[in-house]
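Structure assessment
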2 protein chains.
Amino acid sequence: MKYNYLNNLPLEEAKNKYYGHLTAVGFRGKTETAAVTDACGRIIKNAAYAHICSPHYNASAMDGVAVKAEITFTASERTPVTLTPADFTVVDTGDPLPENADAVIMVEDLIESGEGCYKIISSVVPWQNVRQVGEDICMGDMIAPSGTVLTPSLCGALLAGGITEIEVIKNPVAGIIPTGDEIVPPTSEPETGNIIEFNSTVFKGMLGEMSAEAKVYPIIPDKKELIKATVEKALSECDIVLVSAGSSAGRDDYTSEIISELGTVLVHGIAIKPGKPAVLGEAQGKPVIGLPGYPVSAIVIMDEIVREVAAMYYGRARLPRDTVKAVLSKKLVSSLKYSEYVRVSLGRINGRLSASPLARGAGVITSFTKADGVLIIPQNCEGIEAGEEIGVRLNKPLSEIENTLIVTGSHDPLIDEVSDFLAKKGAPFRVCSTHVGSMGAIYAVRDGLAHLGGIHLLDTETGVYNKSYVEKYLPDGKAVTVKGVGRVQGLMVQKGNPLGIREFRDIKNVRYVNRQRGAGTRILCDYLLEKNGLAPQDINGYHNEEFTHTAVAALISAGNADAGLGIYSAAKMYGLDFIPVCNETYEFLVDKNELENPMVRAFLDVLYSEEFKTRLNKMGGYV
Amino acid sequence: MKYNYLNNLPLEEAKNKYYGHLTAVGFRGKTETAAVTDACGRIIKNAAYAHICSPHYNASAMDGVAVKAEITFTASERTPVTLTPADFTVVDTGDPLPENADAVIMVEDLIESGEGCYKIISSVVPWQNVRQVGEDICMGDMIAPSGTVLTPSLCGALLAGGITEIEVIKNPVAGIIPTGDEIVPPTSEPETGNIIEFNSTVFKGMLGEMSAEAKVYPIIPDKKELIKATVEKALSECDIVLVSAGSSAGRDDYTSEIISELGTVLVHGIAIKPGKPAVLGEAQGKPVIGLPGYPVSAIVIMDEIVREVAAMYYGRARLPRDTVKAVLSKKLVSSLKYSEYVRVSLGRINGRLSASPLARGAGVITSFTKADGVLIIPQNCEGIEAGEEIGVRLNKPLSEIENTLIVTGSHDPLIDEVSDFLAKKGAPFRVCSTHVGSMGAIYAVRDGLAHLGGIHLLDTETGVYNKSYVEKYLPDGKAVTVKGVGRVQGLMVQKGNPLGIREFRDIKNVRYVNRQRGAGTRILCDYLLEKNGLAPQDINGYHNEEFTHTAVAALISAGNADAGLGIYSAAKMYGLDFIPVCNETYEFLVDKNELENPMVRAFLDVLYSEEFKTRLNKMGGYV
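Quick look at the structure, then. Keep in mind that this is a model prediction, so the values were computed, not measured. (Residues numbered from 1 in each chain as written. Chains lettered and ligands numbered in written order. Predicted model: local features only at pLDDT ≥ 70, side-chain atom pairs only at ≥ 80, totals over all residues. Heavy atoms only, no water.)

1. Considering the overall build of chain A
Spelled out, the test is: In this text, helices come from DSSP runs of H or I with a minimum length of four residues, and strands from runs of E with a minimum of two, each type numbered from the N-terminal end. Throughout, exposure labels follow a simple rule: accessible area from a 1.4 Å probe, protein chains only, divided by the maximum for the residue type, with under 20% read as buried, over 50% as exposed, and the rest as partly exposed. Residue contacts are counted whenever heavy atoms from the two residues lie within 4.5 Å of one another. We get accessible surface area from the Shrake-Rupley algorithm with a probe of 1.4 Å; when it comes to residues, only the shown protein chains can shield them.
When helices and strands are tallied, chain A shows 16 helices and 36 strands. Projected onto its principal axes, the C-alpha positions of chain A cover 110 × 70 × 45 Å. Counting every position in chain A, which comprises 623 residues, the buried fraction comes to 58%. Restricting to contacts in chain A with at least 6 residues of sequence separation, those with at least 24 account for 78%. Entry remark: accessible area of chain A is about 24,500 Å², with carbon and sulfur atoms responsible for 49%.

Structural data, given as structure tokens:
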């Protein structure tokens with residue numbers, strides 16, 4: 001089996017090498033003339049100077065009468081001045097000042113005094129209530145320097161300055177070539193071994209945010225000559241070429257070879273994770289970039305490299321991104337070999353902004369959909385301790401993050417349902433839910449990482465849920481539990497129960513799928529094992545851990561396991577059989593200082609509402 | 001003359017009244033089905049649940065061989081295990097795991113040992129290097145709640161979850177009707193009394209930012225029946241109707257009347273400044289909004305009201321905007337009658353973020369083009385003291401603001417030229433220049449409001465520029481002056497010098513235009529007056545103050561004045577005659593701690609470069 005190792009160039013070195021080369025070969029966008037009325041969002045090539053002043057004549061700033069100011073100088077309450085029709089001209093806002101007039105008296109200050117005359121009791125000074133020539137813009141003033149993105153108000157200023165057309169950089173066209181034998185177009189019924197091609201949609205969306213147009217080519221199988229021909233076609237039609245997948249050094253990875261044959265490979269392998277197996281190349285003066293097949297790796301390369309290549313095209317500098325300081329919620333260990341990009345969710349609890357790492361796998365696209373920001377662990381760093389203050393690069397406006405209710409702990413689909421219910425009602429915040437198990441919820445609320453923590457922790461000595469755990473781990477009364485739901489736990493098994501599982505002890509003869517340590521359902525499992533005289537080593541699959549009820553159901557449904565503990569609604573979703581084991585008390589833990597937080601109140605109000613009960617009944621298994 | 005006073009409803013009251021009415025009449029966007037591949041940026045109607053798991057089969061996470069994990073359990077350096085071809089299947093990343101295999105050994109860990117066999121020296125556990133079914137997304141999981149904006153990664157997650165089409169809210173169409181007898185389409189040669197219609201372009205750009213499509217109608221003169229017919233047409237073609245200008249209560253203002261006749265006026269007059277004369281109405285279940293004619297007023301209403309109306313259409317909550325804390329640079333006085341929207345520029349100098357108010361006039365569109373944010377002075381507040389910490393609503397990413405060089409003080413077009421030079425070179429920062437005069441520069445640098453301050457302050461006793469002022473106002477050595485340019489000051493007069501002005505003392509017989517107090521040119525003027533035995537009251541127009549050399553030139557060129565002091569490049573720009581008066585030393589004042597700031601260095605490097613001298617020579621008047 002062929003295997004070529006990749007380079008491991010530090011990111012900044014890779015960028016300097018690549019951008020230096022692109023500059024040397026003259027990579028830069030062409031320009032076109034645009035009507036300023038249609039140019040919002042475009043980037044101007046050269047500095048724009050006003051052709052005319054704005055206003056370009058002396059204009060009345062008010063509705064009223066235009067006069068020569070000096071005839072009003074003596075006006076006062078005691079010595080009113082009467083203006084005869086010969087003294088004034090009626091003007092509306094925007095009207096040009098008549099010859100010889102140099103001020104305007106507001107209509108509100110005019111007192112009708114018969115025969116078309118007005119009385120005034122205060123004077124005006126020259127140029128009062130007049131917008132003199134150039135008040136806003138003077139002819140010759142620079143309205144915007146080269147390379148400016150035209151905002152709506154800048155377009156207005158250009159038009160006010162008499163500029164109707166302007167030279168702008170053409171939007172680049174980026175060709176996206178999805179490759180891979182196993183890749184199929186989006187479908188809701190893929191066959192085994194088919195991978196749904198969604199990366200090009202992600203890239204297209206990201207390119208849109210860079211003001212680039214995406215041209216998505218059909219999926220090309222892993223045949224070198226076919227891919228090469230498509231890259232050549234894309235080079236003739238596009239300004240930037242992106243080859244999706246095949247960027248590594250495996251037996252079916254051709255991107256690097258193809259770029260070498262058509263032009264130059266500058267970098268193959270960057271010391272970042274995810275994102276390592278990227279190819280940075282150039283052909284015909286255009287960037288040709290090999291993106292990794294894993295979506296998260298590809299997104300990191302799009303964000304780090306392609307975004308800056310688009311900026312180069314526009315002749316714009318690469319500016320740093322908005323970052324915030326946040327406290328890291330748990331220790332992160334990282335390799336010295338890479339700079340690592342960790343997606344995090346952010347939340348403000350008790351006044352402090354904290355960052356919780358999301359799943360680190362390169363294949364987990366949902367780690368990006370949930371990410372509020374990215375924390376970059378430098379290459380020469382072994383990791384970051386919990387509680388350290390760190391910089392997080394923002395993916396979202398901070399105001400959105402500040403208005404987020406963080407719900408963590410034991411998984412239950414009802415949390416997402418409440419969140420949807422709130423969204424439908426137009427609640428002015430969003431809900432971010434993560435699944436860290438019941439013990440995770442206790443630690444998160446204790447450490448100020450979540451507003452609400454879902455828990456169902458059985459005290460195996462008393463049979464009472466939650467109380468003793470809260471007393472033990474939060475002895476200072478920092479948090480309280482509030483009512484949640486009752487729900488049915490049981491064994492989920494294949495449809496029709498082919499192995500004839502009847503009670504919990506029967507799991508010793510089958511392939512089990514467990515929940516992670518600290519999950520309430522894991523504690524229940526251990527309790528039931530002990531009660532039935534079983535030990536973990538008796539259970540095939542005890543160490544096969546999943547984080548949610550639906551993940552357990554999915555593995556049973558897929559045949560990876562025969563049985564697992566979970567809630568009824570998950571079994572129902574997957575059409576599995578369900579053997580009830582017990583009813584449990586699912587509650588929410590709340591930091592005492594957050595009890596009056598309007599987001600917390602709104603969440604609980606929905607949960608307790610009659611309307612929401614209908615939804616719970618539909619899901620099933622809540623008592 | 002007809003004049004109807006407006007109401008003065010506080011903003012929140014106006015919003016509640018208006019949005020309550022729109023909700024009551026069922027204002028809400030219709031939906032359509034979109035392909036997920038084209039849905040980035042769209043807003044989903046209902047919660048999206050995964051149709052399938054992702055991965056939907058057990059997939060190899062690596063290139064390597066798939067095995068039953070148990071056959072590897074004894075492998076170690078001392079007891080290698082040999083895999084014969086019957087023991088494994090070669091798999092690439094993404095390949096489905098063969099029946100009976102439950103783990104993958106990476107290609108890097110395989111040692112070829114002849115006859116198609118491999119040796120391994122470490123074991124794998126079940127499901128190692130396998131992406132099990134549902135690792136990323138489980139069937140039935142909620143991917144996004146109702147009303148979510150689809151980001152690129154969310155589109156990817158939807159496709160991964162087997163969703164190919166989705167119900168999204170249709171983008172609204174907003175009709176813009178520009179009105180006014182004096183309004184003309186964009187032109188570079190407007191006639192006196194013509195006002196260039198640029199507001200609709202500003203609105204169109206802002207609507208684009210709200211994901212709304214703009215339909216701009218032709219300009220309608222101030223004829224009530226014509227405007228009414230166009231509003232009716234727009235009501236039949238659009239979801240939101242915006243009538244530009246005519247929203248006040250003057251003799252040619254018809255918007256309020258027309259909306260009353262077609263539907264309901266909820267609010268006419270809001271207690272905000274600028275933006276007061278707005279009309280909030282409804283007809284046929286659609287919002288019809290009368291926008292003020294002044295661009296700044298209209299932008300405030302677009303930003304405050306129309307943006308939230310668009311959010312209502314999409315069924316989204318109105319979220320607060322990103323704000324930062326900054327220190328106010330100068331005292332602001334405001335009326336108790338209004339809540340006032342003050343545009344500010346922001347800058348970080350010496351570690352502190354400070355906010356400097358820009359021009360407050362409703363007609364000054366450039367106050368928006370330069371605004372980094374908006375400071376809102378509440379209605380019941382008389383003003384804010386200099387030095388107070390205040391919240392500023394951001395218009396730009398904070399990172400852009402942090403990377404801004406603030407140059408203030410005496411006006412000279414060369415600052416904009418350096419800024420453009422830097423932009424062309426791709427400098428990773430932008431330059432923000434404001435004109436507050438030389439004394440303003442001294443105060444700004446002293447108070448930490450600017451990185452660089454342009455000064456030309458003549459010590460009338462010694463004839464030396466700048467030194468004595470810096471020693472007097474910055475005695476602690478907080479700031480130093482660095483070399484700028486030498487430039488020629490003189491009298492600008494009408495082309496051909498029709499009044500025969502020959503030297504400074506001749507201004508006593510003509511209409512003069514002066515510079516503002518604190519400007520270096522004003523100090524020069526006062527010095528020359530004294531030297532010539534003249535007093536301010538001898539000068540017609542002494543109190544007519546402008547802030548820039550070009551503004552003075554523009555007024556002379558327009559005939560508002562006959563003469564004014566200024567620099568040669570401004571006279572040249574306007575084709576005015578120029579009578580040299582003196583050569584002066586224009587320098588930059590820099591905070592000592594900012595001398596090594598890379599932005600300051602880059603600015604000065606350009607200024608001192610040979611390449612830039614060519615530009616200066618072209619402008620003329622630099623010595």
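2. Here's the deal with the pattern of salt bridges
Residues and elements named next belong to chain B. Note the following rule: Salt bridge, as used here: a side-chain nitrogen of Lys or Arg that lies within 4 Å of a carboxyl oxygen of Asp or Glu.
A complete count under the given rule lists 68 salt bridges over all chains for this structure. Residues glutamate 135 and arginine 131 are paired through a salt bridge, measuring 3.1 Å at the closest nitrogen-oxygen approach. Glutamate 135 sits in the partly exposed class, given a relative accessible area of 36%. For arginine 131, a relative accessible area of 14% gives the class buried. Across the salt bridge formed by glutamate 471 and lysine 467, the nearest N and O atoms sit 3.0 Å from each other. Within this pair, glutamate 471 and its partner lysine 467 are both found in helix 11 (residues 467-473), separated by four residues, close to a single helical turn. Taking the relative accessible area as the measure of exposure, glutamate 471 reaches 47% and is therefore partly exposed. Take lysine 467: its relative accessible area is 53%, and that puts it in the exposed class.

3. Some points on the relation of the copies chain B and chain A
Mapping between the two chain copies consists of a rotation about an axis together with a translation along that axis. Filter applied, for reference: The atoms used to superpose the copies are C-alpha atoms, taken from residues with pLDDT of at least 70 in both, and the fit is least squares.
By a simple turn and slide, chain B fits onto chain A: the slide is 0.0 Å along the axis, the RMSD is 0.1 Å, and the turn is 180°. These values place the two chain copies in the arrangement generated by a two-fold rotation axis. Taking C-alpha positions as reference, the residue of chain B nearest the rotation axis is proline 397 of chain B, located at 4.5 Å. The overlap is high: 100% of the interface residues of chain B also sit at the interface in chain A, so the same surface is used on both sides.

4. Observations regarding the sheet that holds strand 29 (residues 404-409) of chain A
Residue and element names in this part refer to chain A. Definition in use: Note: two strands are recorded as paired if DSSP finds a minimum of 2 bridges between them. An axis is simply a line fitted to the C-alpha atoms; with a helix, the fit covers only the stretch in contact. Between two such axes, the angle follows the N-to-C directions and lies from 0 to 180 degrees.
Overall, mixed pairing links the six strands, which are arranged 30-29-31-36-32-35 in an open sheet. What marks the edges here is a single partner per strand, and that holds for strand 30 (430-433) and strand 35 (563-567). For this sheet, the mean inter-axis angle between neighbouring strands, taken without regard to orientation, is 25°. When strand 31 (residues 452-455) meets strand 36 (residues 577-591), the two strands line up antiparallel, connected through four bridges. Its bridge partner being in strand 36, leucine 452 is matched across the sheet by valine 590.

So, to be careful, I would describe these as geometric facts and stop short of saying anything about function.
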